[in-house]
Structure formats: structure tokens, C-alpha cells
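# Topology and contacts: notes
Below are the chains, spelled out letter by letter.
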Amino acid sequence: MSCTGNNVFKYLIFLNKIHADTFLFRDSDEIDLISPSRITHSLNICVNPATLIPDQVSDMTGLTNELLEHQPKFSSKTVQLIAAFLTNLPQPYCLIAHNGFKYDFPLLKAEILKTGYTENIDYYVLDSLQALKTILILREEENTLQKKPRLRDSQVQPRNSELLREQSSKKKFGRPPKSFALSSLHQHMFGVKPKKVHGASHDVHSLIRVCASSANHFVEYSKRHCEKLSSVKQMW
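The paragraphs below set out a description of the structure included in this document. Here the structure is a predicted model, which is why all the values come from computation and not from measurement.

Moving on, we come to the overall build of the protein chain. A tally of regular secondary structure across the protein chain gives 10 helices and 7 strands. Residues counted as buried form 46% of the 236 residues belonging to the protein chain. In the protein chain, 79% of the contacts between residues at least 6 apart in sequence involve partners at least 24 apart. Entry remark: accessible area of the protein chain is about 12,900 Å², with carbon and sulfur atoms responsible for 50%.

Spelled out as C-alpha cells, the structure:
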């Protein structure tokens with residue numbers, strides 16, 4: 001699900017049944033092999049932000065106040081539309097946003113609460129930036145451990161041992177990137193930056209490809225670290 005919202009243009013993706021086979025086809029570092037599941041549901045909403053869009057944001061996104069002038073504002077009807085879309089999907093589902101715990105989800109929660117509509121909104125949420133950062137760092141540690149005498153289980157940190165025991169991917173990404181921005185991760189994993197950026201649907205597709213490159217690890221991480229939207233501190 002992608003959503004162009006108030007003040008900022010936020011992108012969210014939906015993880016169906018928290019299972020790699022329904023979320024993504026396979027682990028791969030070949031960009032041509034990365035594609036969403038054949039069964040895909042999408043919802044793309046444009047809303048009037050009811051505030052001045054900065055020139056730099058318009059330059060990045062191509063969206064201006066003039067273009068959005070006659071679009072509806074984010075309201076209880078918008079929330080009901082999102083809730084109806086999500087509740088119609090196979091359960092459970094999880095909303096995923098890059099840097100979501102610091103920005104997207106606090107903003108989304110604030111916008112929802114401002115409408116006064118609170119039914120069916122306690123979604124599972126996950127920050128893909130934290131997830132991918134953890135996965136790539138642990139993968140580097142795992143590669144390092146494979147080159148050293150094997151540690152006893154008691155010497156491995158309990159929180160990390162489960163990820164380290166997951167099925168190892170055949171591909172090697174090398175050292176984690178210096179930046180975990182979405183475009184940097186895309187370039188790190190596929191050797192090229194996304195063709196299009198700063199558009200809700202384009203960013204969603206880029207995020208799907210990046211997550212797909214570590215699909216099994218990502219799904220396992222999501223099962224342990226997803227949170228409820230109610231636990232996220234609203235932005236205002």
C-alpha cells in the first residue's frame with residue numbers, strides 16, 4: 001500500500017501472511033529475478049496536504065499544491081478506506097516503512113488520531129531500515145565467524161543466535177553500506193540505484209526488491225520485531 005499523505009509523502013508496504021512465499025519469490029541478488037508475488041493488492045491514495053509543500057519536496061516528488069488542490073484531505077473517510085482495504089486482506093498483515101519507527105508511523109498515527117476514527121487501526125508495523133541494517137550486519141558477522149573456529153552456542157548472544165542459525169544465503173554482499181538509505185541499499189545489493197525515487201509507488205517497489213534480496217531473513221526478523229501501531233509514539 002502506498003499513500004501520499006499530509007506534510008510528507010509516506011510509503012508503506014504490506015507483508016501478506018508474514019511468509020516469504022507470499023511476500024516475495026525468493027532470495028536473490030539479481031535484480032531481474034526480484035519481483036512481487038503474482039498475487040498483489042495495492043491501494044494508492046492522493047490527498048490534499050492542507051499545508052504548503054516546500055519547493056524542494058515538489059522538486060523531488062513532482063507533486064505541488066496546485067496538483068493536489070482538488071484532492072480530498074486526510075480524514076476519517078481516508079482511514080476507513082485504508083482499514084477496509086487492510087481488513088479485506090489475508091491475515092495477519094504488517095505495514096512496513098523505511099525509517100518507519102522514527103518518521104512514517106509516528107506521522108501516520110498522528111494523522112489517524114486527528115481524524116477521530118480509531119476502529120481497526122492497530123496495525124502491525126515494522127521499520128525496514130532497522131531490519132535490513134540488522135540483517136546485513138549479522139550477515140557480515142556470520143561470514144566472519146565462518147572464517148574462525150566455531151563458537152559454542154553459549155558464546156553467541158541469545159538475541160542474535162537465531163538469525164545466525166537461519167539458512168545462510170549463497171550470495172555475499174560484502175561489508176554493509178555506509179548509508180542505509182533506500183537508494184543506497186538498492187545500489188549496494190544490485191549495483192544500480194533505483195530508476196525512479198521519491199514517488200510512493202516507486203519507493204514501494206524499490207523497497208520490495210531490497211527486502212526480497214534477503215526475503216527469508218527479513219520475514220523471520222519481522223516475526224520477532226514487528227510492533228503494534230498503538231505502541232508507537234505519535235508525532236504530535
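Turning our attention to unusual backbone geometry. In this structure, the amide linkage connecting Gln91 to the following residue, Pro92, adopts the cis form with an omega of -5 degrees. Along the chain, Pro92 falls in the loop between helix H4 (76-87) and strand E5 (93-97). The residue Ala50 is not glycine, and still its phi comes out positive at about 55 degrees. Here Ala50 shows up in the loop between strand E4 (44-46) and helix H2 (55-61). Of note in the backbone geometry, Asn99 takes a positive phi value of approximately 65 degrees without being a glycine. Relative to the elements of secondary structure, Asn99 occurs in the loop between E5 and helix H5 (104-115).

This paragraph deals with the packing of helix H8 (residues 182-190) against helix H9 (residues 200-212). Between H8 and H9, the shortest axis-to-axis distance is 10 Å and the interhelical angle comes to 45 degrees. For the element pair H8 / H9, the angle class is oblique. H8 and H9 meet at a crossing whose hand is left-handed. On H9, the residues that touch Leu182, Leu185, His186, Met189 and Phe190 of H8 are Asp203, Ser206, Leu207, Arg209 and Val210. Partitioning the contact of H8 with H9 into residue classes produces 6 nonpolar, 2 polar and 2 charged.

On to the nonpolar core. In terms of nonpolar packing, the biggest core is built from 23 residues, with Leu86, Leu95, Phe105, Ile112, Tyr123, Val125 and Leu229 touching the most fellow members. When residues of this core are assigned to their parent elements, the largest contribution, 5 residues, is made by H4. Apart from the residues lying within four places of it in its own chain, the contact partners of Leu86 are Gln91, Tyr93, Leu95 and Tyr123. Judged by nonpolar contacts, the second largest core, of 18 residues, contains Cys94, Cys211, Phe218 and Tyr221.

Looking at the element boundaries, Asp127 is found in strand E6 (residues 124-127). Lys102 is the oppositely charged side chain nearest to the buried, salt-bridge-free Asp127, at an N-O distance of 7.4 Å. At 3.2 Å, the side chain of Asp127 and the backbone nitrogen of Gly100 are in polar contact. Separated by 3.1 Å, the side chain of Asp127 and the backbone nitrogen of Phe101 make a polar contact. The contact partners of Asp127, leaving out residues within four places of it in the chain, are Ala97, His98, Asn99, Gly100, Phe101, Lys102 and Phe105.

So, about the pairing of E6. Of the strand pairs in this sheet, E5 and E6 are connected by 4 bridges, and their pairing is parallel. The partner of Cys94 across the bridge, within E6, is Tyr124. Regarding topology, H5 serves as the crossover connection from E5 to the parallel E6, and that connection is right-handed. Note that E6 and strand E7 (residues 227-228) share 2 bridges and pair antiparallel. Note on E7: the bridge partner recorded for Tyr124 is Lys228.

Enumeration over the complete set of coordinates arrives at 3 salt bridges. Between Asp122 and Lys228 there is a salt bridge, and its shortest N-O distance comes to 3.9 Å. Linking Asp122 in the loop between H5 and E6 with Lys228 in strand E7, this pair joins segments that are 106 residues apart in sequence. A salt bridge links Lys223 to Glu220, with the nearest nitrogen and oxygen atoms 3.4 Å apart. With Lys223 and Glu220 both in helix H10 (residues 215-225), this residue pair falls 3 residues apart, about one helical turn. Judged by its relative accessible area of 48%, Lys223 falls in the partly exposed class. Overall, the relative accessible area of 30% leaves Glu220 in the partly exposed class.

Definitions and limits used
Residues numbered from 1 in each chain as written. Predicted model: local features only at pLDDT ≥ 70, side-chain atom pairs only at ≥ 80, totals over all residues. Heavy atoms only, no water. Helix = DSSP H or I, 4+ residues; strand = E, 2+ residues; numbered from the N terminus. Buried < 20%, exposed > 50% of the residue type's maximum accessible area, 1.4 Å probe, protein only. Contact = heavy atoms within 4.5 Å. Areas by Shrake-Rupley, 256 points an atom, 1.4 Å probe, with all protein chains shown as cover. Axes fitted to C-alpha atoms, helices over the stretch in contact; angles between N-to-C directions. Parallel < 35°, antiparallel > 145°, perpendicular 65-115°, else oblique. Left-handed = near helix turned anticlockwise from the far one by under 90°. Nonpolar A, V, L, I, M, F, W, Y, C, P; charged D, E, K, R; others polar. Core = buried A, V, L, I, M, F, W, Y, C linked by side-chain atoms within 4.5 Å. Lys, Arg positive; Asp, Glu negative; His and termini not counted. Salt bridge = Lys/Arg side-chain N within 4 Å of Asp/Glu carboxyl O. Polar contact = N/O pair within 3.5 Å; in protein donor to acceptor, adjacent residues only side chain to side chain. Pairing = 2+ DSSP bridges. Right-handed = clockwise from strand over helix to strand, strands pointing away.

Taken by themselves, the reported measurements are silent on function.
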